[in-house]
Amino acid sequence: MKHSIRTWPRLALAALGALAAASCGSAEKAPAAERPQEPAAPTVTEVVMMSDDEDEPVHDGKWLYERNCAGCHNTNGDGQGPTMVQLGLKARDFKQGGFAFGNTREAIYRTITAGMPGSSVMPSFKVSLEEDERWMLADFVLTLCPAPEEPASGTRIAIGAHPQIARGLLPAVADGKPQWPRGILLGTPEGVTFEYRVDDVRLLAVRQGEFADRTDWNDRGGGELVPLGKAFYVPGGGDPKPAFTAMHFGNERPLSARLKTTLATRDALGLDYELVDKRGTRLATVEERLRVEALSIGGAFTRSFAIRGDLESANLVFDLGATHGGGAWVRGEPTAWQQAGEVLRGAIPADGWLVGKRGDGFELLHVVADKNVKLVRDAASLHLFVPVFAGAEQVSASFAVTVIGASEWSEELLATLGKELAR
Ligand code: HEC
């Protein structure tokens, strides 16, 4: 796979070269780099002299774009220019916004100048275009994009109408907590950002505010991908335990999560991963989806999980305690527990509400789950017991947890919020 990605740029540029040769017959100014094989191509010096000539037509951003960019990005900016179509690929769709390296004039200028780091097809125009031409192009690209919701500057990435994902080195969530070299930020148009560590797919924080600052743009070694929103939810105080463990005859076994894919479309935002045990055996595949809830008291989000168990497997336990840092549960804990082997099992409250004490406030959790998902508890906290193993059969399970921070709570508030969530 990697190999074929590496070959894209050469293919694309060759195709573009052919395109340029076909369309630019005159001696008009055209980037020399586009047709390196043509012996008669004007040298860079000649090009500069020609553009100084007052009789030359004025080359504006649109003119430059059509000659240098439209082959891949298309005249309307939708990323489906002839070169891309020919290669079965798609370039960045400017009409959707969504820039990995920032959507300000400065950031776009830098992308045009340096290309995109990694194995991308997007070439560098540092040699083939003058500085002022690159600025003109940055301005023109902005005219194709939707207006950003908030003015951003420099390396800042703002989010338009669609969710966005950025990966990089994350700063520690809290003082004295670890820094995760492989982090991922999933940002929503509502201004909520979900921050995960990639290596074990753990939710580190949920934030509200601007999306991220890509300070690692120029400095791929040590720079950081800094989330800009204020964290309103920090499970495990910035170093959370794994969300899932395996339950096997009453013994909990640690599991690790391996990220497979991420998803950010108009309709869905989330991550797909596999849960594996110490020996590397896969026990289950998880599709985790993230949703921001519009509630009267704000700051609410839902994580929903669709889980498919594998044949050789144990059942799963999802840690609800990790979500509120281990404070006491003040509502929703079953009064009657059933002993099942070593574990105590109980029903999730009929209305789905659990309330935990958190710091000087409360955390309201609304749980919607398949019938066979139960509450279990250990010394530390409450968990969800998620059966995905039934003898020799492969079983699926699903549940969703909505998390709401509140300074106070009442039964009346829960009833109101329940209605709002059901809408
Ligand atoms: C050979 C094809 C090709 C040409 C020519 C090309 N681009 Fe791109 N460009 C791409 C592809 C592909 C991507 C998306 C790469 C990715 O997402 O990994 C991209 C991405 C971009 C981005 C988005 C970077 C980000 O932050 O996500 C900008 C801005 C951009 N191109 C501007 C331009 C401009 C301006 C020109 C003309 C001067 C140009 N491109 C010419 C293929 C091309």
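As the structure is a computational prediction, the values presented were derived from the model and not from experiment.

Thresholds applied
Sequence order as written defines the numbering, with residues in each chain counted from 1. Owing to the predicted nature of the model, reporting of local features is limited to residues with pLDDT of at least 70; listing and counting of side-chain atom pairs is limited to 80 or more, with chain, interface and lining totals taken over all residues. Excluding hydrogens and water, the side-chain values take into account all heavy atoms of the structure. What makes a salt bridge here is a side-chain nitrogen of Lys or Arg within 4 Å of a carboxyl oxygen of Asp or Glu, nothing more. Any residue under 20% of the maximum accessible area for its type is buried, any over 50% is exposed, and the rest in between are partly exposed; the area is computed with a 1.4 Å probe on protein chains only. The term nonpolar core refers to a set of buried residues drawn from Ala, Val, Leu, Ile, Met, Phe, Trp, Tyr and Cys, joined through side-chain atoms within 4.5 Å. Under the DSSP-based scheme used, a helix requires at least four consecutive residues in state H or I and a strand at least two consecutive residues in state E, with every element numbered from the N terminus. Source of the domain bounds: an automatic or database domain assignment. In this description, contact between two residues means that some pair of their heavy atoms is separated by no more than 4.5 Å. In this scheme, strands are said to pair when DSSP sees at least two bridges between them. The axes used here are C-alpha line fits, helices contributing only the stretch in contact, and every angle between their N-to-C directions lies in the interval 0 to 180 degrees.

### Considering the pattern of salt bridges
Inspection of every chain in the model, using the stated rule, returns 19 salt bridges. A salt bridge links Arg291 to Glu293, with the shortest nitrogen-to-oxygen separation between them at 3.0 Å. Using a relative accessible area of 46% as the deciding quantity, one classes Arg291 as partly exposed. Each of Arg258, Lys260, Glu274, Arg282 and Asp310 takes part in salt bridges that share partners, so that together they form one network.

### Brief notes about the nonpolar core
Looking at soluble globular proteins, one finds that nonpolar side chains tend to be buried together. With 45 residues, the main nonpolar core has Phe194, Ile307, Leu320 and Leu384 as its most contacted residues. For this core, the element with the highest residue contribution is strand β13 (residues 282-293), accounting for five residues. In terms of domain composition, this core takes at least three residues from each of domain 2 (163-236) and domain 3 (241-422). Once you skip the residues sitting within four places of it in the chain, Leu320 turns out to touch Trp329, Leu354, Leu365, Leu375, Leu382, His383, Leu384 and Val401.

### So, helix α6 (residues 105-114)
A large share of α6 lies buried, amounting to seven of its 10 residues. Along α6, the residues classified as buried are Ala107, Ile108, Tyr109, Arg110, Thr111, Ile112 and Thr113. On its buried side, α6 packs onto α7 (131-144). Two residues or fewer past α6, Gly115 is found with a positive phi of approximately 70°.

### Section: unusual backbone geometry
Excluding glycine, residues mostly carry a negative phi; peptide bonds, for their part, are mostly trans. For Asn74, which is not a glycine, the phi torsion comes out positive at approximately 75°. When its relative accessible area of 18% is taken as the criterion, Asn74 is described as buried. For Val201, which is not glycine, the phi dihedral falls at a positive 40°. Within the fold, Val201 resides in the loop between β4 (192-197) and β5 (202-208).

### Some thoughts on the sheet that holds strand β15 (residues 315-319)
Taken in spatial order, the seven strands of this open sheet run β10-β9-β15-β22-β21-β18-β17, and their pairing is antiparallel. With partners counted over all chains shown, the strands left at the sheet margins are β10 (251-254) and β17 (338-340), one partner each. With direction set aside, neighbouring strand axes in the sheet form an average angle of 40°. Judged from the three bridges that link them, strand β18 (residues 343-346) and strand β21 (residues 374-377) form a sheet pairing that is antiparallel.

### Structural notes on the sheet that holds strand β1 (residues 156-157)
Consider a sheet: its strands pair through backbone hydrogen bonds, and that pairing is either parallel or antiparallel. A sheet is described by the order of its strands in space; here three strands give the open sequence β1-β6-β7, paired in antiparallel fashion. Sheet topology places β1 and β7 (225-227) at the edges, where each strand pairs with a single neighbour. The sheet contact formed by strand β6 (residues 212-214) and β7 spans three bridges and is antiparallel. Its bridge partner being in β7, Asp213 is matched across the sheet by Val226.

Shape is all these values report; function is a separate question.
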